[in-house]
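Examining the three-dimensional arrangement
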Amino acid sequence: CNLAAGKRGMRDCPFCRASASGDDAEILAKLQKRVDAKDPTALEALGEQYGTGKCGLEKDVPRAIELWSEAAGLGSQDSHFNLGIRYFEGDGVPRDAAKGVYHWEEAAMQGHVLARHNLGNHETQNGNYERAVRHWLISAKMGEKWSLDAIKDMFVDGIATKQQYASALKGYQ
């Protein structure tokens, strides 16, 4: 993804490795070419542009949902994550927490760390603290500081054990 490429110092297009410079129309044309080829990363990226109204596009959440749904069907963990947020919060779609959790579960099973963290938050809201700690243990070991902090808070409150907190801390480092 663009974020991962940026962290590695890569500023080129993640699809074709060409220079990422250009105006919005040129960028969208390149992206559309990959969308037409049913590239799930491109579908997710175009959905992000529509969902936020970037790259010269007018914000169109229903179109973003459509693109993310197609990308999720092709296995895009980021699209599952985005759909989870939209459905859970009712942002641009009718609120459907069960559908939001489903998409977070799909993303988490593919290794999406924030989806795993959000599942922990959801379990806490439902009073399922042991499940929440298990989700946060996984995401803390994947490097998510918010999950580590959540386990620390649960430990301080007497809900998580010292062993669970130590395991999360060790995995986070």
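Below you will find a few notes about this structure. This one's a predicted model, so the numbers in the text were calculated from it and none came from an experiment.

Scanning the chain for helices and strands turns up 10 helices and 0 strands. When the helices and strands of the chain are placed in sequence order, the string is α-α-α-α-α-α-α-α-α-α. In the chain, 38% of the contacts between residues at least 6 apart in sequence involve partners at least 24 apart. Element-wise, carbon and sulfur atoms account for 50% of the exposed surface of the chain, whose accessible area totals about 9600 Å².

Here the focus is the pattern of salt bridges. The tally for this structure, following the rule as stated, stands at 7 salt bridges. Note that R34 is salt-bridged to D39, the shortest N-O span being 3.4 Å. Judged by its relative accessible area of 31%, R34 falls in the partly exposed class. For D39, a relative accessible area of 14% puts it in the buried group. E123 is paired through a salt bridge with R131; the nearest N and O atoms lie 3.4 Å apart. By relative accessible area, which is 40% here, R131 ends up partly exposed.

Grouped together as the largest cluster of nonpolar side chains are 20 residues, with contacts concentrated most on L46, Y50, I65 and L83. Sorting the residues of this core by element identifies α2 (24-36), α3 (40-52), α4 (61-73) and α5 (77-89) as the ones contributing at least two each. Here this core takes 7 residues from α4, the largest share from any one element. Leave out the neighbours within four places in its chain, and L83 touches I65, W68, S69, A72 and H103. Residues L137, I151, A160 and A168 belong to the second largest nonpolar core, which totals 12 residues.

All told, the structure shown has 2 aromatic pairs when counted by the stated rule. Relative to W104, the ring of F88 has its centre 4.8 Å away and its plane inclined at 35°; by these criteria the two rings are tilted. Of this pair, F88 sits in helix α5 while W104 sits in helix α6 (residues 97-109), placing them 16 residues apart in sequence. Residue F88 shares its accessibility class with W104, and that shared class is buried. Ring centres of F155 and Y165 lie 5.5 Å apart, and the angle between their planes is 10°; this geometry places the pair in the stacked category. You can see F155 sitting in helix α9 (residues 145-156) and its partner Y165 sitting in helix α10 (residues 162-172), a full 10 residues away along the chain. Judged by its relative accessible area of 31%, F155 falls in the partly exposed class.

By the element assignment, S76 lies in the loop between α4 and α5. For S76, the contacting residues outside a window of four places in its chain are P40, E44, A71 and Q110.

Procedures and definitions
- Residues numbered from 1 in each chain as written.
- Predicted model: local features only at pLDDT ≥ 70, side-chain atom pairs only at ≥ 80, totals over all residues.
- Heavy atoms only, no water.
- Helix = DSSP H or I, 4+ residues; strand = E, 2+ residues; numbered from the N terminus.
- Contact = heavy atoms within 4.5 Å.
- Areas by Shrake-Rupley, 256 points an atom, 1.4 Å probe, with all protein chains shown as cover.
- Salt bridge = Lys/Arg side-chain N within 4 Å of Asp/Glu carboxyl O.
- Buried < 20%, exposed > 50% of the residue type's maximum accessible area, 1.4 Å probe, protein only.
- Core = buried A, V, L, I, M, F, W, Y, C linked by side-chain atoms within 4.5 Å.
- Phe/Tyr/Trp six-rings, centres within 6.5 Å; stacked < 30°, edge-to-face > 60°.

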